[in-house]
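# Commentary on secondary and tertiary structure
Now for the letters of each chain:
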Amino acid sequence: MTQTLTGIYLPGNTFIHRLDARVKFFSFFALVIATLFTNSWGGYLVMGVISLVLIYVSKLRFSQAIGSLGMMKWFLVIIFLMNLMFFSPENAWFSWWFFTPSYAGFLQAINIVFRVSVVVILSNILNTSTPPIELTRAMEALLRPLSYLGLPTGQIAMIISVAIQFIPTLTMESDQIRKAQIARGARFESRKLTEKAAAIGPLVVPIFLSAFRRADELALAMEARGYRSSQKKQVNKNVKLSSADAFAIFASLVVCIFQIYFL
Amino acid sequence: MPIDVKELSFTYAQGSPYEVRALSHLDLSIADGEFVGIIGKTGCGKSTLIQLIAGLMKPTSGTVSIDGEVFYPGKTDRSSLSKRIGVLFQYPEIQLFENTVEKDVSFALKHASLSSSEVKEKVHWALNAVGLDFDKFKDLSPLGLSGGEKRRVAVAGVLVTKPEILILDEPIAGLDPKSQDGFLKLLDNLNADGTTIIMISHNLDALAEHTKRTVVLEDGILIRDASTREVLTDTIFLKEHGLGMTQVGRISDGLKNCNLPLPELPLTMRELCSALLKVSA
């Protein structure tokens, strides 16, 4: 709990916060697709500006928007180096052992790191501006067409929403277990890899046990209150989309098409 | 190892909209061999306070020093402290993980460079202290025991290092009455041997019978720090702050309402009995 929180819902009343969660989901996917098709300096610029505008409009602090990039820094460094070193064996600057850094590889490395960063920032904006329960409802609504193919979309949505609702509980419990084991002399913070590995058991075993126990208890509690998985779920269909929602869908589609065909 | 807390403040999730100030500017010192109770409503900062005292979190501001030395995670190597401070969290049975009771109890001794016979001796002592038979339980899986037995194994796992300071968060919640009595007696014995004990509890009766000093927290502020007798017989104060009353307090209050006031307010059942005897004589 004490570390800086990134990617969790931050209440607010901005344009982005007020959008319908389904619309946000849709726009998020449209922008992710746009990002994946980005492959030119102009395209980078457009996506970069869009991300900055979205951060600004959602009143998200810049540090919070890019917070998870900091946690991923080694991942980003590694994918950058891998692309730089291995992407193109032809026209390499030099070749040493099996490393062949090249200009093409350098461009590809920037490309990949940029795409990953933008996708992470976009998902951060989505997560911080939408309450988890609305996210799962939106997911359910967007999955609903698949129910015609026989997919149990209601149950999938229930599984996801239960999982999301239990994250804070399990986080708190893991925190307590971690502290209890530290108090008993566990060395999670040790720099020695062997000690670190040995410290996993005291942490993971109790967390799993308590997660399973909670799952059992929840299943019993749901059953006691008459939950049937086959039961038709109440659906609130009458949620109207606002003009802002329509604008968001339109704008994200335009960006998506623009990126695919023109940049 | 006297404990000295100065100007201690702690804020959760600082800088985010979820920021919660759990403790502010708290001063507290606890001498060797004390048995201190901490009371207060849920969310008043009790658990935060004991985690800071145990050196498991870094204060937002202020200091905790033990034996004159300031420490917090990152600054001090906790491994030397963990042998001297024992912490028992709420529902400690969730911390069990080994496949035998003996291994789980000896977990805290892993880095102590003791011979296996010394470890065995300590585990034997700790299990004995919590009322479990070493030979009967040592090879059982802690996860297959009953709730009360699990709790005792967890307690043994904390006691095994013979800590000089024992910090307990609601240790008797969820135990049956007999186990509660046994556990409190164990604490009395440890305290008599010189262990400093700090105990959070909502069970005022237990605190009245066992602690000498009571600290009251409200909204992260220390509002009272006095002898248990003074705090727990101050019925007006307890009512005002919604802390409940001891059974003895309730009886004395009822007697007062029936125009049968006791000359001085009793703290324990024994005192109540002798006061009643005096009145009836």
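Residues numbered from 1 in each chain as written. Chains lettered and ligands numbered in written order. Predicted model: local features only at pLDDT ≥ 70, side-chain atom pairs only at ≥ 80, totals over all residues.

### Considering the confidence of the model for chain A
- A residue-level look at chain A finds 92% of positions with pLDDT of 70 or above and a mean pLDDT of 83.
- At the level of individual helices and strands, chain A shows its lowest average pLDDT in helix 10 (residues 193-198) of chain A, which scores 75, and its highest in helix 2 (residues 21-37) of chain A, which scores 91. (pLDDT = per-residue confidence, 0-100. Helix = DSSP H or I, 4+ residues; strand = E, 2+ residues; numbered from the N terminus.)

### Some points on the nonpolar core
- Of all hydrophobic cores here, the largest spans 76 residues; its most connected members are I38, I53, V87, A156, I167 and I198 of chain B.
- Among the elements that line this core, the one with the most residues is helix 6 (residues 147-159) of chain B, at six residues.
- Those residues in contact with V87 of chain B that lie beyond four places of it in its chain are A180 and A183 of chain A together with A54, V158 and I167 of chain B.
- Ranked by size, the runner-up nonpolar core spans 20 residues in total, among them I50, V118, I121 and I125 of chain A. (Core = buried A, V, L, I, M, F, W, Y, C linked by C-beta atoms within 7 Å. Buried ≥ 20, exposed ≤ 12 C-beta atoms within 10 Å, placed from the backbone. Contact = placed C-beta atoms within 7 Å.)

### Quick notes on the packing of helix 2 of chain A against helix 12 (residues 243-261) of chain A
All names here are of chain A.
- Relative to each other, helix 2 and helix 12 sit at 15 degrees, their axes nearing to 8 Å. Relative to helix 12, the element helix 2 lies roughly parallel. For the pair helix 2 and helix 12, the sense of crossing is left-handed. Contacts from V23, F26, S27, A30, L31, I33, A34 and F37 in helix 2 reach D245, A248, I249, S252, L253, V255, C256, Q259 and I260 in helix 12.
- Residues belonging to the contact of helix 2 with helix 12 are distributed by class as follows: 13 nonpolar, three polar and one charged. (Axes fitted to C-alpha atoms, helices over the stretch in contact; angles between N-to-C directions. Parallel < 35°, antiparallel > 145°, perpendicular 65-115°, else oblique. Left-handed = near helix turned anticlockwise from the far one by under 90°. Nonpolar A, V, L, I, M, F, W, Y, C, P; charged D, E, K, R; others polar.)

### Some points on the interface of chain B and chain A
- Each side of the interface is counted separately: chain B has 26 residues, and chain A has 21 residues.
- Of all elements in the fold, only helix 2 (78-82) and helix 6 of chain B reach the threshold of two or more residues within the side of chain B that touches chain A.
- Top contributing element to the side of chain B that touches chain A by residue count: helix 2 of chain B, with three residues.

### Things to note about the pairing of strand 8 (residues 196-200) of chain B
Residues and elements named next belong to chain B.
- Of all the five residues making up strand 8, five are buried; the element is thus mostly covered by neighbouring parts of the structure.
- Residues T196, I198 and I200 of strand 8 are buried on one face, and the alternating residues I197 and M199, pointing to the opposite face, are buried as well.
- Two elements, strand 3 (residues 35-39) and strand 8, share four bridges in a ladder whose sense is parallel. Pairing of G37 across the sheet is with M199, part of strand 8. (Pairing = 2+ DSSP bridges.)

### With respect to the sheet that holds strand 6 (residues 85-88) of chain B
Residues and elements named next belong to chain B.
- Reading across the sheet, the six strands line up as 6-7-8-3-9-10 and stay open at both edges, with mixed pairing between neighbours. Looking at the sheet topology across the chains shown, the edges are occupied by strand 6 and strand 10 (221-227). Going across the sheet, the axis of each strand differs from the next one's by a mean of 15 degrees, ignoring polarity.
- In this sheet, strand 7 (residues 165-169) lies alongside strand 6 in parallel orientation, the contact comprising four bridges. In the sheet register, G86 faces strand 7, and the bridge partner there is L166.
- The strands that helix 1 (residues 46-53) touches are strand 3, strand 7, strand 8 and strand 9 (213-218); relative to strand 8, the one it contacts most, it runs at about 155 degrees.

### A few points about the domain arrangement of chain A
Residues and elements named next belong to chain A.
- With domains assigned, chain A is organised as domain 1 (1-152 + 239-263) and domain 2 (153-228).
- Counting from both sides, the interface comprises 12 residues of domain 1 and, opposite them, nine residues of domain 2.
- The residue inventory of the side of domain 1 that touches domain 2, partitioned by class, reads eight nonpolar, two polar and two charged. (Domains from an automatic or database assignment.)

### Brief notes about the sheet that holds strand 1 (residues 3-12) of chain B
Residues and elements named next belong to chain B.
- Strand order in the open sheet formed by four strands is 2-1-4-5, with antiparallel pairing between adjacent strands. The open sheet has two edge strands with one neighbour each: strand 2 (20-30) and strand 5 (69-70).
- Looking at chain direction, strand 1 and strand 2 are connected through seven bridges and run antiparallel. In the sheet register, D4 faces strand 2, and the bridge partner there is S29.
- Here helix 1 sits on the sheet in contact with strand 1, strand 2 and strand 4 (61-66), set at roughly 125 degrees to strand 1.

### Side note on helix 11 (residues 247-257) of chain B
All names here are of chain B.
- When we look at burial in helix 11, the residues that qualify are V248, G249 and S252. The arc that holds the buried residues of helix 11, viewed along the axis, is 100 degrees, so those residues lie on one side. Exposed and oriented more than 90 degrees from the buried face of helix 11 are Q247, R250, G254 and N257.
- Tucked into the core, helix 11 has its buried residues touching helix 8 (204-210), helix 9 (228-232), helix 10 (235-240) and helix 12 (269-280).
- After helix 11 finishes, the residue N259 shows a positive phi value of roughly 60 degrees. (Arc of directions from axis to C-beta.)

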